[in-house]
Amino acid sequence: MFFSIALLAQNRPGGKYINVGYSSQTLSFADDNDAFELKSKIGGTFNSGRTFYILNKPVAKMIYFGIDWTYIDLNYVQYKEEVVDEEETFVTHKAEAGMQVGPSVHIAPIDGLTFSTYYRYAPSYSMMFADSEFSGGYAGLNVAGISINYSAFGIGVEQRWGTAKHNFSLDVEDMEEEQEEKVSHKYKLSGPRVFLSFRF
């Protein structure tokens, strides 16, 4: 009996996790996908968090249920160059900083090997630098993924999608002088992230 309890304790996945990887992301208007679409050129991601397990003992001796709290979620991408005219191009940079929370399922069939799947909601602060202008706003993102770990090391892939709101300046000419006003746009973000996973 004591041997069985010790074996179950060894199979339980580590609660803390750190993920470092590559990020790909597509950017478009949320209400008009045909207006434009930017695809990322390079990107990176880093997040760290903890799984709070709901049950002390696993279901069927190997299935654990938890709530994930990713307290640091960072993402950055540089989009491909956009050509304005024959002499002018600009590059758009996009980043998000936020957190994630959501349910997860972990299967540990043998000691040290863990398969994990999860869904999380990720409220974030969205930052964009486009055509020499910076804009910040709120982003409501969703994250779903899977990973496999052996001992503390593993790999994973996840999909992120959601929307972000940004305000950019627009030059408006009237009869007396040129004025500048802010125009609000809602953007759609989507794309995969592939990462190295460290769970301990």
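This one's a predicted model, so the numbers in the text were calculated from it and none came from an experiment. Throughout, residues of each chain are indexed from 1 in the direction in which the sequence is written. Only residues with pLDDT of 70 or above have their local features reported here, since the model is predicted, and side-chain atom pairs are shown and tallied only from 80 upward, although totals for entire chains, interfaces and linings are computed over all residues. For side-chain calculations, the full set of non-hydrogen atoms in the structure is used, while hydrogens and water are omitted.

1. Some words on the nonpolar core
Operational definition: Here the nonpolar core consists of buried residues drawn from Ala, Val, Leu, Ile, Met, Phe, Trp, Tyr and Cys, with membership extended through side-chain atoms lying within 4.5 Å. Categorising residues by exposure relies on relative accessible area from a 1.4 Å probe, with only protein chains included: less than 20% of the type maximum marks a residue as buried, more than 50% marks it as exposed, and the intermediate range marks it as partly exposed. Helical segments are the DSSP runs of H or I of at least four residues, strand segments are the runs of E of at least two, and each set is numbered from the N terminus.
L27, Y79, M128, L141, F168, Y187 and L189 are the most contacted members of the largest nonpolar core, which has 17 residues in total. Looking at this core, the elements that each hand over two or more residues are strand 2 (26–29), strand 4 (63–79), strand 8 (113–130), strand 9 (133–150), strand 10 (153–173) and strand 11 (178–199). Take this core: its biggest share by element is four residues, from strand 8.

2. Quick word on the confidence of the model for the protein chain
Quick reminder of the rule: Values of pLDDT, which run from 0 to 100, indicate the predictor's confidence residue by residue. Only heavy atoms matter for contacts: two residues are in contact if any of them lie within 4.5 Å across the pair.
Averaged over all residues, the pLDDT of the protein chain is 88; the fraction at 70 or higher stands at 85%. Predicted confidence in the protein chain is weakest over helix 1 (residues 2–11), with a mean pLDDT of 46, and strongest over strand 1 (residues 16–23), with 98. Counted against residues more than four places away or in other chains, residues 1–9, with its pLDDT under 50, gives three contacts.

3. What about the side chain of S135?
So the rule is basically this: We call two N or O atoms a polar contact when they sit within 3.5 Å, provided that within protein one can donate a hydrogen and the other can accept it, with sequence-adjacent residues counted only if both atoms are side-chain atoms.
Considering the arrangement of structural elements, one finds S135 in strand 9. Within the local environment of S135, its side chain forms a polar contact with the side chain of H166, the two groups lying 3.2 Å apart. Within polar-contact distance, the side chain of S135 engages the backbone oxygen of N167 at 3.0 Å. Setting aside residues no more than four positions away along its own chain, S135 makes contact with S126, M127, M128, H166, N167 and F168.

4. Describing the environment of T26
With respect to the element layout, T26 can be found in strand 2. Assessed through its relative accessible area of 22%, T26 is described here as partly exposed. Distance from T26 to K188, taken between C-alpha atoms, is 7.9 Å for residues 162 residues apart in sequence. Beyond its immediate sequence surroundings of up to four residues, T26 is in contact with E37, L38, K39, Y79, K188, L189 and S190.

5. Some remarks on the pairing of strand 9
The following threshold applies: Only strands that DSSP links by at least two bridges are regarded as paired with each other.
In this sheet, strand 9 lies alongside strand 8 in antiparallel orientation, the contact comprising 18 bridges. Opposite Y119, over in strand 9, you have A144 as the bridge partner.

6. Topic: the packing of aromatic side chains
Stated precisely, the cut-off is as follows: Under the pairing criterion, centres of Phe, Tyr and Trp rings, with the six-membered ring standing for Trp, must be within 6.5 Å; the plane angle then separates stacked pairs below 30 degrees from edge-to-face pairs above 60, leaving the rest tilted.
Enumeration over the complete set of coordinates arrives at four aromatic pairs. Taking 5.4 Å as the distance between ring centres and 25 degrees as the angle between the ring planes, the aromatic pair formed by F29 and Y187 counts as stacked. Of this pair, F29 sits in strand 2 while Y187 sits in strand 11, and the two are 158 residues apart along the sequence. The same class applies to F29 as to Y187, namely buried. With a centroid separation of 5.2 Å and 70 degrees between ring planes, the pair formed by W69 and Y71 is classed as edge-to-face. Residue classification places W69 among the partly exposed residues on the basis of a relative accessible area of 36%. Judged by its relative accessible area of 36%, Y71 falls in the partly exposed class.

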